[in-house]
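Understanding the architecture of this molecule
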Amino acid sequence: MTAPLTVKLGGVAGRHADAVRFVAAAAPADTVVVHGGGNEVAEWSRRLGLEPRTHDGLRVTDPETLEVVVAVLGGLVNTRLVTALLAHGRRSVGLTGADGGLLRLRRRAPELGEVGEVIGSDPALVSTLIAAGALPVIASLGVDDEGSLLNVNADEAAGAIAAARGGMLLLCTDVEGVQRDGRVVAALSPRDAEHMLGDGSASAGMRPKLRAAVTAARAGCSVRILDGRSADALERALAGDAIGTLVTA
């Protein structure tokens, strides 16, 4: 039996067409896909007169923007990814982190608005779907203990889900890995990653990926941060080749 695999994809299926084809054709049965969709959320926000803002690599989400996030991530993006996977022969089911209590959240800093921090994950629902032969595709939304629907960073959602499931986490991005001094870092420990977060050497977009990697690695997962636009890179990562940045405890 293969180890569980959690894959975080960007939200635009066409932009990650190779990754979608790879997941559909080559990912093991015990696979979960987690997605964001920040670019599309930003595009729809601007159409509605809401100028996107970020803080520490996270989207500032006022109540109006939260409605856009829910509609775009839980509706448009999730359904498009499920449709793309189905088109390549992979039976898939769309979810959000609110379904089945998959993601447990607490509200983050007030300046971020309707944004949650993942404090745990209950993978029972995805385990049931996988046992039934379906690939869960999860949009990065969740609910806190007070019943508030909140936006949550997709990398951090993937890190928590991987930590609960074990196995391997692939954090797909549009660069070759974590960079320091202009070069890709081949391997990091969780402590190394935390140092990069603390000293500011991790860029805004890489910060949630490193936080996710720390969460999953400390739970025993093997984590790779890599360029997910290439099916070859994903295949090599799944085979254990040295590609991207490996984060392990």
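Up top is the structure.
To start, this report covers the structure provided alongside it. Just so it is clear, the structure is predicted and the values come from calculations on it, not from any experiment. (Residues numbered from 1 in each chain as written. Predicted model: local features only at pLDDT ≥ 70, side-chain atom pairs only at ≥ 80, totals over all residues. Heavy atoms only, no water.)

According to the stated counting rule, one finds zero aromatic pairs in the structure shown. Above the ring of W44, the side-chain terminus of R47 is found at 4.1 Å from the ring centroid. (Phe/Tyr/Trp six-rings, centres within 6.5 Å; stacked < 30°, edge-to-face > 60°. Lys NZ or Arg CZ within 6 Å of the ring centre and 35° of its normal.)

We now examine the side chain of N151. You can see N151 is positioned in strand β10 (residues 149-151). Engagement of the side chain of N151 in a polar contact is seen with the side chain of T61, the distance being 3.1 Å. For N151, the contacting residues outside a window of four places in its chain are R59, T61, L66, V69, L73, E114, V115, G116, S140 and L141. (Helix = DSSP H or I, 4+ residues; strand = E, 2+ residues; numbered from the N terminus. Polar contact = N/O pair within 3.5 Å; in protein donor to acceptor, adjacent residues only side chain to side chain. Contact = heavy atoms within 4.5 Å.)

As a further point, take the state of the cysteines. One pass over the structure, following the stated rule, counts zero disulfides. Of all cysteine sulfurs, the one in C221 lies closest to C172, which takes part in no disulfide; the gap is 15 Å. (Disulfide = S-S within 2.5 Å.)

V126, L129 and I130 are the residues of helix α4 (residues 124-131) that are buried. Projection of α4 onto a plane perpendicular to its axis shows the buried side chains occupying an angular sector of 100 degrees, all on one side. In this structure, α4 carries T128 and A131 as exposed residues pointing more than 90 degrees from its buried face. The inward-facing, buried residues of α4 contact β2 (31-35), β5 (92-96), β8 (135-139) and α5 (154-165). Among the residues trailing α4, G133 stands out with phi positive, at a value near 90 degrees. (Buried < 20%, exposed > 50% of the residue type's maximum accessible area, 1.4 Å probe, protein only. Arc of directions from axis to C-beta.)

Time to look at the environment of L86. In this structure, L86 sits in helix α3 (residues 63-87). For the pair L86 and D18, spaced 68 residues apart in sequence, the C-alpha to C-alpha distance is 14 Å. Apart from the residues within four sequence positions on either side, L86 is in contact with R91 and S92.

We now examine unusual backbone geometry. Despite not being glycine, D181 shows a phi value in the positive range, around 55 degrees. Its place among the elements puts D181 in the loop between β12 (179-180) and β13 (183-184).

Any functional reading would require information beyond the geometric quantities listed.
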